[in-house]
Every structure is written in structure tokens, then in C-alpha cells.
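# Chain and residue survey
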Amino acid sequence: MQYGIDIGGTKMELGIFDNNQNLLSSQRIRTPTDDYSKFLQAVIFLVEQADQNTLGESTVGIGLPCVIDSNNFAVSSNIQCINGKNVHADIRDKLKRCVGFGNDSETFAVAESVYGAGKDHSKVLSVIIGTGVNSTLCVQGKLFTSRNKIAGEWGHVLLSALHQQRYGLPLLECGCGSLGCVEPYVSGKGLEWLYTHMGGDNISAQTLVTKMRHGDHLAVKTFNCYLDLLAHSLAQLVIYYDPDVIVVGGGISNISEIYMYLPDLMSDYLFKGVLLPKIVGTKFSNHSALLGAAIIGAEASELVTQLD
Ligand SMILES: [Zn+2]
């Protein structure tokens, strides 16, 4: 059996998987965000509960919403108490067993590329479009890693001047501190912002999509603009990585129209004759992060066994 833990800013969840990647059970508790020792205790509690339920000690993998810097310290997390901490070492020491770690984008990518929608493809780009935007490449089922662990952070590439002029867009400040990154335009909130920019009310992305499906002029115009910005951003990723398939996760992945229209729109930003990657939704929409964490945990444990 394998344990996968997905830690978010509000809840943390542990899933118990059998060796065929079937989710047997899961437990979810609140994430302590302002007290690091309580945060560690909560993770240990979940693992101990799982050990009691399974009458054993399984491998543990954890997905965290943060960047893990070159010294293994967590940075840029919305869970304030883990910033600047070596969460990996602290949990490993308390559990006294090998623990695999990844960020939430990596756990999603591993699950979908190895067992999910990208299975059977050698180069899978997993893209999350939700509150933020991010991507992770897997080659032959293995994570592509980089020196600063920033490869794939396409949300912080600048909006093109072409699109800024085409839609009269102001340069928005991004959460990273830069001006004009694409994330504030192509995230879920970005879609909502675009509607207000075009003169609409402050409504949710879901309401906007419903209006668009009913033919509301402003919602259709906003959605077309949004698709154009997204198509250009994804086409840039095709130029960088040339993947076989793009698996889309995050809230925006539930909008079926994106799979219909993005391929043609992306073609406009690529050379003639370029074979587009398939653009597909997730297979494990509800528990890809849990499964990916479990896979990373099992791999880490295997590596330690080999080194021993
Ligand atoms: Zn940015």
C-alpha cells in the first residue's frame, strides 16, 4: 500500500492506495496555517491514523503548495507557517521513514502522465489553470526538474504586446510582484476580470460560462478574448517543450469549450505544419494530487532501498 498526502491552504488529505493505484480510503483534516509545530503534528496524525487502519507502515509521499528552494526550504506558500522551513527533513525525522516530496503541480503531473490522461505518451505537459497557472513536464513518466525549480512557470511570462493592444488591456500587477505577467489574465480570476474590463458586472467564471452558452454578447466576447490569450500562452509552451499531449487541470479544465476551440486557435500562433499536441482533461479529477503524492512517495522509498 501507499499513502499520498495532498496539503492545501485549507485542508490536508491523506489517501491510502493499493499497489494498483486504487484509492481505498481517505481522511481529510483542517490545515494549521499559523503554527508550524501544529502543522507537523497534523501530518503525523494523518499518517499514524493510516498506519492503524492498514495495520502497517506504508510509503509516504506529500504534495505541498509551495516552491522548494535549492536548500530544501519551502518558499512562496500560502501556508504561512511553512515558509522558510525544511518541511521534508522535519516530517521525515518525526516519522522515521523515507518521505517523498513534490509541489502540487508535480503531484498532479506525475499521476496524470504515469497512470492518467497522458499515459501511453512519452512527453506529457500537465497544465494547471485555476487560481494560479503552472505547468510541469514529464518525460517517459519522470518529472523534468530544473536548477531553480521554476521550469514551467508560464504564468510569469509577459503578456504579448500583440494581445495587450488587440484587447486594450492594462498591465496588471501579478502576485509575483511583476507587472504584465499572463497569470492575472488567464487564471480563473483572470477570466472574471476580463468580463469586468469589457464592461460587465463582477460575476463568477461559472456564471460567465453559463451566460456565454446562452449567447450573451458580452460573455461571448469575453470568452473569445480569454481563449485567444490562453491559446497564445499554450502555443508558447508548445514552442518550448513540443509535448505529445497537454493535460489540463484546475477549475478552467471543467469548461468543455476549451478542448473544442483551443487547437485551432493555437495553430494561429505556430508554424505551418506543426503537429499540435492533444489537449485533454484529467483522468483523476478528484484525486490526482493524492495519487501523484503516493507515487512520488513510493519512488523515493524505492530509491532509498536501492541505495541501501
Ligand atoms: Zn508573475
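Parameters and conventions
Position labels on residues start from 1 in each chain and follow its written sequence. Where local features are concerned, this predicted model is filtered to residues with pLDDT of at least 70; where side-chain atom pairs are given and counted, the filter is 80 or more; whole-chain, interface and lining totals use all residues. Remark: hydrogens and water are excluded; side-chain values derive from all non-hydrogen atoms of the structure. When a carboxyl oxygen of Asp or Glu lies within 4 Å of a side-chain nitrogen of Lys or Arg, that pair is called a salt bridge. Comment: elements are numbered from the N terminus, with helices defined as DSSP H or I runs of at least four residues and strands as E runs of at least two. Any residue under 20% of the maximum accessible area for its type is buried, any over 50% is exposed, and the rest in between are partly exposed; the area is computed with a 1.4 Å probe on protein chains only. Coordinating N, O and S atoms are those within 2.8 Å of the metal (3.2 Å for Na, K and Ca), and as water is not part of the atoms, a site may appear to have fewer donors than expected. The rule is simple: four donors are tetrahedral if all their angles sit between 85 and 135 degrees, four are square planar and six octahedral if opposite donors span more than 155 degrees and the others lie between 65 and 115, and anything that fits none of that is irregular. Pairing between strands is defined by DSSP: at least two bridges between the two strands are required. The criterion used for residue contact is that any of the two residues' heavy atoms lie within 4.5 Å. Convention adopted: a line fitted to C-alpha atoms gives each axis, helices being fitted over their contacting stretch, and angles between N-to-C directions are expressed from 0 to 180 degrees. We call Phe, Tyr and Trp rings a pair once their centres come within 6.5 Å, taking the six-membered ring for Trp, and we label the pair stacked below 30 degrees between planes, edge-to-face above 60, and tilted otherwise. Domain delimitation in this document rests on an assignment produced automatically or drawn from a domain database. When two components associate, each loses some accessible surface as probed by a 1.4 Å sphere; the sum of these losses over both components is called the buried area. For the purposes of these results, a polar contact is taken to be a pair of N or O atoms within 3.5 Å, where, inside protein, one atom must be able to donate a hydrogen and its partner to accept one; residues adjacent in sequence count only when each atom of the pair is a side-chain atom. Three classes are used: nonpolar for Ala, Val, Leu, Ile, Met, Phe, Trp, Tyr, Cys and Pro, charged for Asp, Glu, Lys and Arg, and polar for all others, with Gly counted as polar.

Overall, the coordinates contain eight salt bridges when judged by the stated rule. Taking the shortest distance from any N to any O, the salt bridge between Arg97 and Asp51 comes out at 2.5 Å. You can see Arg97 sitting in the loop between α2 (87-95) and β7 (99-103) and its partner Asp51 sitting in helix α1 (residues 36-54), a full 46 residues away along the chain. A single burial state applies to Arg97 and to Asp51, both of which are buried. Note that Lys142 and Glu299 form a salt bridge whose closest N and O atoms lie 3.6 Å from each other. Of this pair, Lys142 sits in strand β10 (residues 142-143) while Glu299 sits in helix α10 (residues 288-307), and the two are 157 residues apart along the sequence. The class for Glu299 is partly exposed, based on a relative accessible area of 32%. Taken together, the salt bridges that share partners define one network made up of Asp51, Glu57 and Arg97.

Our next topic: the coordination of the zinc ion. For the zinc ion, every protein donor is listed as His156 (ND1), Cys174 (SG), Cys176 (SG) and Cys181 (SG), and the spread of their distances is 2.0 to 2.4 Å. Coordination at the zinc ion is tetrahedral, judged from the four donor atoms that bind it and the angles of 102 to 125 degrees they form at the metal. Between consecutive donors of the zinc ion, the numbers of intervening residues give the motif H-x17-C-x1-C-x4-C. Note on Cys174: relative accessible area 4%, which makes it buried. Take Cys181: its relative accessible area is 1%, and that puts it in the buried class.

Attention shifts here to the sheet that holds strand β12 (residues 278-281). Taken together, five strands build an open sheet; the order of strands is β10-β9-β8-β11-β12 and the sheet is mixed. A single partner strand is all that each edge strand has here, and the edge strands are β10 and β12. As defined by bridge partners, strand β9 (residues 133-139) adjoins β10 across two bridges and the pair is classed as antiparallel. For Cys138, the partnering residue across the bridge sits in β10 and is Leu143. The strands touched by helix α8 (residues 217-241) are β8 (123-129), β9 and β11 (245-249); relative to β8, the strand with the most contacts, the crossing angle is about 150 degrees.

Turning to the side chain of Thr59, a few remarks are in order. Take Thr59: it is sitting in strand β4 (residues 59-64). Residue classification places Thr59 among the buried residues on the basis of a relative accessible area of 19%. Leave out the neighbours within four places in its chain, and Thr59 touches Met1, Gln2, Tyr3, Gly297, Ala298 and Ser301.

Quick look at the environment of Thr145 now. When you line up the elements, Thr145 lands in the loop between β10 and α4 (161-166). For Thr145, a relative accessible area of 55% puts it in the exposed group. In this structure the C-alpha to C-alpha distance between Thr145 and Ser58, which are 87 residues apart in sequence, comes to 26 Å.

A word on the packing of aromatic side chains. Using the criterion set out here, one finds three aromatic pairs in the structure. Taking 5.7 Å as the distance between ring centres and 85 degrees as the angle between the ring planes, the aromatic pair formed by Tyr185 and Trp193 counts as edge-to-face. Of the residues examined, Trp193 reaches a relative accessible area of 22% and is grouped as partly exposed.

Turning to the domain arrangement of the protein chain, a few remarks are in order. How big an interface is tends to be stated in terms of accessible area lost as the parts join. What the domain assignment lists for the protein chain is domain 1 (2-104 + 286-307) and domain 2 (117-281). Taken together, the contacts link six residues of domain 1 with four residues of domain 2. For the pair domain 1 and domain 2, the summed buried area comes to about 400 Å², and 43% of that belongs to carbon and sulfur atoms. Three residues, Val67, Ile68 and Glu299, lead the burial of domain 1 against domain 2; their summed loss comes to 52% of the area buried on that side. Joining domain 1 to domain 2, the criterion identifies one salt bridge. Put simply, domain 1 and domain 2 have zero residue pairs in polar contact (both at pLDDT 80 or more) between them. Residue composition of the side of domain 1 that touches domain 2, grouped by class: two nonpolar, one polar and three charged.

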